[in-house]
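# Architecture at a glance
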Amino acid sequence: MTRPTTLSDSFGRVMRDLRVSLTDRCNFRCLYCLPETEEAANFYRTKFDPQRNPNPPTLRLPDWKPRSEILSFEEIERLVRLAVNLGIQKIRLTGGEPLLRQGVEILVGKLARIPGLKDLAMTTNGFLFIRKAEALKAAGLQRISFSLDSLDRDNFKKITGRDGLSEVLTGIDRAQELGLNPVKVNAVIIRGINDHEMEGLAELARKRNLSFRFIEFMPLDSGRAWLKDLVVPGREILRRLQAKFALHPVPCAHASETARRWAFEDGRGEIGIIAPVTEPFCGHCNRLRLTADGKIRTCLFSLHEHDVKGLLRSGASDEEIAKILRGIVWQKEERHHIGEPDFVQPERSMSCIGG
Ligand code: SAM
Ligand code: SF4
């Protein structure tokens, strides 16, 4: 029998995209991810409905993993090399905040040299980007996505817990100057928080020639305070933006693309709408995640994680690890169950899973 050379699941999906979390820690406290501030607590308190939910949200931060439990660069490199041999084409470094990981550019350099890897990207909140920009580009980073949920300094601070709007905007400019193309920007839209800013954010995309992604709020916050009423459905986002801009659909490049994309009339910049809650795209999912502490997650909403750190640290051979990886992927969940009575929010928040 010939050995399968890809990571395929029992539903016929072939994995091409691995998201690697470099740390579970973060220098922001986004209210949809790691809510901690008094303002975030007050916001959720006003939305809390005891009729529908017996448990009031408690804004509890996760316990940070000790350094010894976090994968080293050598361990990450080995796993990525194995994954690329098994058909992974794209690596996205994420977190927590990946730029908090000391020497991140050294890891980027190691990964960029792996033969067969086609795309090396990073998702960051951008606060520290300016300090690392040149080193990351020189090391071989190809693309970058920033998170930016507001253009209003006070609202930015309310959402992220940090007065950092100007640092992020400067980082975005720098990434464009360096030719990290296309520079993507993600905004999680939350009703009553930043839904009034959608048009302004889209205008920024047009003016600065950015690929802007509007994302539905998912139940992955550490406070477990997510409510369906806070989700602005993708269709509503589109309706609002179409009322202001002439938008032309951009054909999908790959079936696995998560965003429905639209171009502006003058051809500068584009917007994409990612609606995992109201229009799930699980049927074409080709993504896997590796957490900072060395667990493979086959779905954002997985209730089980598969430890690979133990394998790496107990002397398993590449062949053995590859075989185990294939077995893990075979069990990938068919879809998520958000909004269904049997939905259970994963134990760990987006910051620990690696968005
Ligand atoms: N710290 C980096 C950042 O914020 O870009 C990378 C990690 S963050 C977990 C990755 C992405 O997940 C960000 O674009 C963020 O907006 C998104 N995210 C976090 N929590 C989310 C949630 N509850 N629903 C939807 N997206 C979320
Ligand atoms: Fe940190 Fe990113 Fe989560 Fe915000 S979304 S708290 S920046 S990990």
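Our subject is the structure listed above.
In what follows, the accompanying structure is described. None of these values were measured; they are calculated from a predicted model.

Taken together, 12 strands build an open sheet; the order of strands is 7-8-9-6-5-4-3-2-1-10-11-12 and the sheet is mixed. The sheet is open, and its two edges are formed by strand 7 (247-250) and strand 12 (306-307), each paired on a single side. The pairing of strand 6 (residues 211-216) with strand 9 (residues 270-274) spans five bridges and is parallel. Considered in strand 9, the bridge of Phe-212 is made with Ile-271.

Our next topic: the site of ligand 2. Surrounding ligand 2, one finds Cys-26, Phe-28, Cys-30, Tyr-32, Cys-33, Leu-34, Gly-96, Asn-125 and Ser-351. Taken together, the residues of the shell around ligand 2 sort by class into six nonpolar, three polar and no charged.

Another aspect to go through is the site of ligand 1. Around ligand 1, a shell composed of 17 residues is seen, among which Tyr-32, Gly-96, Thr-124, Ser-147 and Met-218 lie nearest. The backbone of Gly-96 places a nitrogen or oxygen atom 3.0 Å from a nitrogen atom of ligand 1. Measuring from a nitrogen atom of ligand 1, one finds a backbone N or O atom of Met-218 at 2.9 Å. Coverage of ligand 1 by the protein chains reaches 96% of its 540 Å² of free accessible surface. Looking at the shell around ligand 1, the elements that each hand over two or more residues are strand 3 (119-124) and strand 5 (183-189).

This paragraph deals with helix 1 (residues 38-47). Those residues of helix 1 that fall on the buried side of the exposure criterion are Ala-40, Ala-41, Phe-43 and Tyr-44. End-on, the buried residues of helix 1 take up no more than an arc of 160 degrees, which puts them together on one face. Seen from the open side of helix 1, the exposed residues pointing more than 90 degrees away from its buried face are Glu-38, Arg-45 and Thr-46.

With four of its five residues buried, strand 2 (residues 90-94) lies for the most part within the structure. Of the strand pairs in this sheet, strand 1 (residues 17-21) and strand 2 are connected by five bridges, and their pairing is parallel. Across the sheet, the residue bridging to Asp-17 is Lys-90, located in strand 2. Where strand 2 and strand 3 come together, four bridges link them in parallel fashion. The residue bridging Arg-92 from the neighbouring strand is Ala-121, located in strand 3. Crossover connection from strand 2 via helix 3 (residues 104-112) to parallel strand 3: handedness right-handed.

This part takes up the environment of His-336. Of note, His-336 is situated in the loop between helix 10 (318-330) and helix 11 (350-353). Once the C-alpha coordinates of His-336 and Gln-102 are considered, the two residues, 234 residues apart in sequence, prove to be 34 Å apart. Those residues in contact with His-336 that sit more than four places away from it in its chain are Pro-276, Pro-280, Cys-282 and Phe-301. Looking at His-336, its side chain comes within polar contact range of the main-chain nitrogen of Ile-338, at 3.1 Å.

The next subject is the pattern of salt bridges. For the structure on display, the rule yields 29 salt bridges. The shortest N-O distance in the salt bridge between Arg-81 and Glu-77 comes to 2.9 Å. Within this pair, Arg-81 and its partner Glu-77 are both found in helix 2 (residues 73-85), separated by four residues, close to a single helical turn. Under the relative-accessibility criterion, Arg-81 is labelled partly exposed at 35%. One salt bridge in this structure joins Glu-199 and Arg-240, with 2.8 Å as the shortest N-O distance. You can see Glu-199 sitting in helix 7 (residues 198-208) and its partner Arg-240 sitting in helix 8 (residues 234-244), a full 41 residues away along the chain. Because the salt bridges share partners, they merge into one network encompassing Lys-65, Asp-293, Arg-297, Glu-305 and Arg-348.

Counted according to the given criterion, the structure contains seven aromatic pairs. Consider the rings of Phe-129 and Phe-146, whose centres lie 5.3 Å apart with planes at 85 degrees: the pair is edge-to-face. Residue Phe-129 is located in helix 4 (residues 129-139), and its partner Phe-146 is located in strand 4 (residues 143-147); the two are separated by 17 residues in the primary sequence. Both residues of the pair, Phe-129 and Phe-146, count as buried. Counting every residue linked through ring pairs, the aromatic cluster contains Phe-28, Phe-127 and Phe-156.

Relative to the helices and strands, Ala-322 is located in helix 10. Exposure remark for Ala-322: the relative accessible area of 10% places this residue in the buried category. Through-space distance from the C-alpha of Ala-322 to that of Gly-179 is 35 Å; in sequence the pair is 143 residues apart. Residues contacting Ala-322, with those up to four places away along its chain left out, are Leu-82 and Leu-86.

For the rest of this paragraph, the subject is the environment of Asp-119. With respect to the element layout, Asp-119 can be found in strand 3. For the pair formed by Asp-119 and Gln-142, sequence separation is 23 residues and the distance between their alpha carbons is 6.7 Å.

Remark: helix 3 packs on helix 4, axes separated minimally by 8 Å, with the N-to-C direction vectors making an angle of 15 degrees. In terms of orientation, helix 3 and helix 4 fall into the roughly parallel class. In this structure, the crossing between helix 3 and helix 4 has a hand that is right-handed. Here Val-104, Glu-105, Val-108, Gly-109 and Ala-112 of helix 3 lie close against helix 4, whose contacting residues are Lys-132, Ala-135, Leu-136 and Ala-139. Within the contact of helix 3 with helix 4, the residues separate by chemical class into six nonpolar, one polar and two charged.

Cut-offs and rules
Residues numbered from 1 in each chain as written. Chains lettered and ligands numbered in written order. Predicted model: local features only at pLDDT ≥ 70, side-chain atom pairs only at ≥ 80, totals over all residues. Heavy atoms only, no water. Pairing = 2+ DSSP bridges. Helix = DSSP H or I, 4+ residues; strand = E, 2+ residues; numbered from the N terminus. Near = heavy atom within 4 Å. Nonpolar A, V, L, I, M, F, W, Y, C, P; charged D, E, K, R; others polar. Polar contact = N/O pair within 3.5 Å; in protein donor to acceptor, adjacent residues only side chain to side chain. Areas by Shrake-Rupley, 256 points an atom, 1.4 Å probe, with all protein chains shown as cover. Buried < 20%, exposed > 50% of the residue type's maximum accessible area, 1.4 Å probe, protein only. Arc of directions from axis to C-beta. Right-handed = clockwise from strand over helix to strand, strands pointing away. Contact = heavy atoms within 4.5 Å. Salt bridge = Lys/Arg side-chain N within 4 Å of Asp/Glu carboxyl O. Phe/Tyr/Trp six-rings, centres within 6.5 Å; stacked < 30°, edge-to-face > 60°. Axes fitted to C-alpha atoms, helices over the stretch in contact; angles between N-to-C directions. Parallel < 35°, antiparallel > 145°, perpendicular 65-115°, else oblique. Left-handed = near helix turned anticlockwise from the far one by under 90°.

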